[in-house]
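This is what each chain is made of:
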Amino acid sequence: MADKKRGIILKAISSFYYVFSENELFECKAKGIFKHRSKEIFVGDEVLIEVLDHGERKALISEILERKNLLKRPPIANITQAILVFALKNPDPNLSLIDRFLVLAQRQGLHILVVFNKEDLDTDNVAKELRKNYEGLGYPIIVTAASERLNADLKKYLFGHRSIVAGPSGVGKSTLINSIISSDLKTGEVSERIGRGRHTTRFVELIRIDEDSYIADSPGFSSIDLFELTEQEIKEEFTEFHQYDTKCKFGSRCMHETEPDCKVKEAVQNEAIPAQRYKSYIQLLTEIRANKRRMF
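Cut-off values and rules
- Residues numbered from 1 in each chain as written.
- Predicted model: local features only at pLDDT ≥ 70, side-chain atom pairs only at ≥ 80, totals over all residues.
- Heavy atoms only, no water.
- Buried < 20%, exposed > 50% of the residue type's maximum accessible area, 1.4 Å probe, protein only.
- Helix = DSSP H or I, 4+ residues; strand = E, 2+ residues; numbered from the N terminus.
- Pairing = 2+ DSSP bridges.
- Right-handed = clockwise from strand over helix to strand, strands pointing away.
- Arc of directions from axis to C-beta.
- Contact = heavy atoms within 4.5 Å.
- Phe/Tyr/Trp six-rings, centres within 6.5 Å; stacked < 30°, edge-to-face > 60°.
- Axes fitted to C-alpha atoms, helices over the stretch in contact; angles between N-to-C directions.
- Left-handed = near helix turned anticlockwise from the far one by under 90°.
- Nonpolar A, V, L, I, M, F, W, Y, C, P; charged D, E, K, R; others polar.
- 1 Å grid on protein atoms, 1.4 Å probe; cavity = no way out; pocket = protein on both sides within 12 Å on 5 of 7 lines; lining within 4 Å.
- Points joined across faces, edges and corners; volume = space filled by probe spheres on them.
- Core = buried A, V, L, I, M, F, W, Y, C linked by side-chain atoms within 4.5 Å.

Student: Looking at this model, I keep getting lost on the pairing of strand S9 (residues 111–117). Mind explaining?
Tutor: Taken residue by residue, a regular strand's side chains alternate between the two faces of the sheet. Burial analysis of S9 places 6 of its 7 residues in the buried class, the great majority of the element. Across 7 bridges, strand S8 (residues 81–87) lies against S9 in parallel orientation. Bridging across to S9, Ala82 finds its partner in Ile112. Summarising the sheet, S9 and strand S10 (residues 141–143) pair through 3 bridges and their orientation is parallel. Within S10, the residue paired with Val115 across the bridge is Ile142. Read as a crossover between parallel neighbours, the route from S9 over helix H3 (residues 126–134) to S10 is right-handed.

Pasting the structure below:
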């Protein structure tokens, strides 16, 4: 009878899955049953494996354990924290994209940390305006230029979490993670065997920090659609609106657009809610409605 172990998928390449179990890394294939059931397997999945060869550390994935959550973009399971990384310049911060990331992370109930990198290029003091926009939402904000400092600031947020580092290309996500790995967070054979750091990130992988902590790099991208959400669900994720909802003339039915006596619009005019956040909200509503029209 095959030896069964519980583990976590750190990386997937083609039809091979690299599963960390009991301080060992196993190269695994999935049992044929998953193909017949069309059941997908993701990085971050907790699985049971049947060891075929202890010496070569070869195994089969025999069962996928119940997931806590699943992100579609980047595709990864059982994440507890999102570290959203954007540059202050080169590339310029895409505020609409930041707000979309926040909606996605909040929908999954994730802890959220926002990092604004390349402070040394911020000649226009963009960081000041971004702090104003996002600190009021209750998210921790890190503004940094040096990887050493970024590493030190990040440490307290990493432990006890499975974190995904996400953001557009060129903002410093991989530099951030490589800084952590090359300092006092050892990955040893895991890094060597799965080829950590050999090329620009094209897929998601989990890197073990300690027994209860992992961090994941992810490919950069420049757009996110939220078409699977309803207008009401979008509104709910703009949490700064909540304190005004009950004060609107139409109460919870108010979508904060053209309705009269809307306290959210009033708060935007009074700069109690950042105008950029409100602009992102209206843009999302418009896109969702346009997509529905295309579908029907």
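Student: I'm lost on the side chain of Asn133 in this one. Help?
Tutor: Relative to the assigned elements, Asn133 resides in helix H3. You can call Asn133 buried: its relative accessible area is 5%.

Student: How should the pairing of S8 be read in this particular structure?
Tutor: Counting buried residues along S8, 7 of its 7 residues qualify, which places the element largely inside the surrounding structure. Judged by which residues are buried, S8 turns out to be covered on both faces: Gln81, Ile83, Val85 and Ala87 on one side and Ala82, Leu84 and Phe86 on the other are all buried. Between the parallel pair S8 and S9, the chain is carried across by helix H2 (residues 95–107), and the sense of this crossover is right-handed. By the bridge criterion, 4 bridges tie S8 to strand S11 (residues 162–166) in an arrangement that is parallel. Its bridge partner being in S11, Gln81 is matched across the sheet by Ser163.

Student: Would you explain H3 in this entry?
Tutor: Each full turn of the α-helix corresponds to 3.6 residues, which orients residues three or four apart in the same direction. Those residues of H3 that fall on the buried side of the exposure criterion are Ala127, Leu130, Asn133 and Tyr134. Seen from one end, H3 has its buried residues packed into an arc of 120 degrees, which puts them on one side. Along H3, the residues that are exposed and aim more than 90 degrees away from the buried face are Lys128 and Lys132. Considering only its buried residues, H3 is in contact with H2, S9, S10 and helix H10 (275–295).

Student: Would you mind going over the packing of aromatic side chains with me for this structure?
Tutor: For any pair of aromatic rings, geometry is given as the distance between the ring centres together with the angle between the planes. Scanning all chains against the criterion turns up 7 aromatic pairs. Ring centres of Phe116 and Tyr134 lie 6.4 Å apart, and the angle between their planes is 40 degrees; this geometry places the pair in the tilted category. You can see Phe116 sitting in strand S9 and its partner Tyr134 sitting in helix H3, a full 18 residues away along the chain. A ring pair is formed by Phe238 and Phe241, whose centres lie 5.6 Å apart and whose planes are at 25 degrees; its orientation type is stacked.

Student: Looking at this structure, how should I read the packing of H2 against H3?
Tutor: Think of two packed helices as two axes; the pair is described by the angle between the axes and how far apart they sit. Packing of H2 against H3 leaves a shortest axis separation of 13 Å and a crossing angle of 30 degrees. In the crossing of H2 with H3, the sense of the turn from one axis to the other is right-handed. Facing H2, whose interface residues are Leu95, Ile98, Asp99 and Leu102, H3 presents Leu130, Asn133 and Tyr134. Each residue belonging to the contact of H2 with H3 can be placed in one class, and the counts come to 5 nonpolar, 1 polar and 1 charged.

Student: Sorry if this is basic, but what is going on with the layout of surface pockets here?
Tutor: Summary: where empty space remains is shown by rolling a probe the size of a single water molecule over the atoms. Roughly 340 Å³ of internal volume is contained in the largest pocket. Broken down by secondary-structure element, the contributors of at least two residues to the lining of the largest pocket are strand S6 (70–72), S8, H2 and S11. Of the residues contributing to the lining of the largest pocket, the split by class is 13 nonpolar, 2 polar and 5 charged.

Student: How should unusual backbone geometry be read in this particular structure?
Tutor: A cis amide bond links Asn90 to the next residue, Pro91, at an omega of 5 degrees. Turning to its location among the elements, Pro91 is positioned in the loop between S8 and H2. For Asp261, which is not a glycine, the phi torsion comes out positive at approximately 55 degrees. Take Asp261: it is sitting in the loop between helix H8 (242–245) and helix H9 (263–269).

Student: Hey, could you run me through the nonpolar core in this one?
Tutor: Inside soluble globular proteins, nonpolar side chains tend to come together where they are buried. If you look at the biggest cluster of nonpolar residues, it comprises 69 residues, and the most contacted ones within it are Ile61, Ile76, Leu102, Phe116, Tyr134 and Ile234. In terms of residue count, H2 provides more of this core than any other element does, 7 residues in total. In contact with Ile234, not counting residues within four places along its chain, are Val103, Leu226, Leu229, Tyr281, Leu284, Leu285 and Ile288. Judged by nonpolar contacts, the second largest core, of 16 residues, contains Val115, Ile177, Ile180 and Ile207.

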